[in-house]
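Understanding the architecture of this molecule
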Amino acid sequence: MESNVIRFLKQSGIQPGFHVVLHGSFSSIRQATDCDSPELFLRLLTEYLTPHGSLIVPAFTYSFKGNKNSEVYNPDHSVPKTGILSETFRKMENVHRTYSPTHSFCIWGSFNQLIRHDISPQSPLGWGSPMSYLLGNKDSHILMLGTDFASLSFIHFLEVYFNLGYVNIFPWGHVGIEPVGVSVWGEQKLNEVPGCSKSFTNLELSLEDDGYFLPHDYNGMLFKLINVRGLLFFSTSFMKDHYRSLLCIDQECKACTHRRAKLKELEKLHEL
């Protein structure tokens, strides 16, 4: 008898051979598919993709210098802070984890032939990261299961791709950390450090208003399958004209408040 997970995958639009970045809430997955095991769901997904495809899962640890809530990054042992799917996936057979101390990814499948798992770019989600390699293949997709754009790592790459005005402003100084990753190999200076992503939903709403990447429903779970090149193309206008909307306007978000203030200072300097 065909499992509910396989029925969902067939309806989702995923094709064997796709390179898929997964952002998922397992509680939503479990409720929609009756799959009680993260490992079983991930195994069925990789089998469906086949070894010609790939599954890529964020496994971020945020191991910044000065971060008292993180350990020195070790790709073999450090537990991701990105949920149970990440932690389960990193332990599975034939899964390789990148070496970025702050923003690592776990990768299964043919994508491992395109990218060395020991990469640790100075721009953690920018050029040289797995996010940038996705653009090289038309079959690269993002699968969102019970999540929204606030969890979408590829938007951080778009910040770098479009060289947004605030992208080189380090946003986390207020919590006492530095733009330096710390791993078992030592310290690594970082550029274009990702900031807050809560307001990335403004891009999502804009795209939906234009009829792009509308959510689908499977047994109460909202999901999206997004082609990476399509997301880049349809986001271009927003990134050029409304990119400030990616920063929170809530003063309680210190990271975005800092970037907005510094951005204003830079704009005033350019006016002189």
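It should be noted that the structure appears before, not after, this text.
This structure is a prediction, so every number in the text was calculated from the model and none was measured. (Residues numbered from 1 in each chain as written. Predicted model: local features only at pLDDT ≥ 70, side-chain atom pairs only at ≥ 80, totals over all residues. Heavy atoms only, no water.)

**Re the packing of aromatic side chains**
Across all of its chains, the model carries 14 aromatic pairs by this definition. Aromatic pair Phe154 and Phe157: ring centres 5.3 Å apart, planes at 40°, arrangement tilted. Of the two residues, Phe154 and Phe157 are both situated in helix H6 (residues 154–161); the distance of three residues between them amounts to about one turn of the helix. Looking at Phe154, the relative accessible area reads 1%, which means it is buried. When the ring of Tyr166 is compared with that of Tyr243, the centres are 6.1 Å apart and the planes differ by 40°; the resulting orientation is tilted. One end of the pair, Tyr166, is in the loop between H6 and strand E6 (180–183); the other, Tyr243, is in the loop between helix H8 (228–241) and helix H9 (254–271), and 77 residues separate them in sequence. In this structure Tyr243 comes out as buried when scored by relative accessible area, which is 13%. Taken together, the ring pairs in this structure connect Trp127, Phe154, Phe157, Tyr161 and Phe162 into an aromatic cluster. (Phe/Tyr/Trp six-rings, centres within 6.5 Å; stacked < 30°, edge-to-face > 60°. Helix = DSSP H or I, 4+ residues; strand = E, 2+ residues; numbered from the N terminus. Buried < 20%, exposed > 50% of the residue type's maximum accessible area, 1.4 Å probe, protein only.)

**Digging into the pattern of salt bridges**
Inspection of every chain in the model, using the stated rule, returns 10 salt bridges. A salt bridge links Glu87 to Arg90; the shortest N-O distance between them is 2.6 Å. With Glu87 and Arg90 both in helix H4 (residues 84–90) and three residues apart, the pair spans about one turn of that helix. Neither residue differs from the other here; Glu87 and Arg90 are each classed as buried. Between Arg244 and Glu267 there is a salt bridge, with its nearest N and O atoms 2.0 Å apart. (Salt bridge = Lys/Arg side-chain N within 4 Å of Asp/Glu carboxyl O.)

**Some thoughts on the sheet that holds strand E2 (residues 54–58)**
The strand order E3-E4-E2-E1-E5-E9-E8 describes an open sheet built from seven strands, whose pairing is mixed. Edge positions in the sheet fall to strand E3 (95–97) and strand E8 (216–218), since each has one partner strand and no second. If you compare each strand with its neighbour and ignore which way they point, the axes differ by 25° on average. Strands strand E5 (140–145) and strand E9 (221–227) of the sheet are contacted by H8, whose axis makes an angle of about 85° with E9. (Pairing = 2+ DSSP bridges. Axes fitted to C-alpha atoms, helices over the stretch in contact; angles between N-to-C directions. Contact = heavy atoms within 4.5 Å.)

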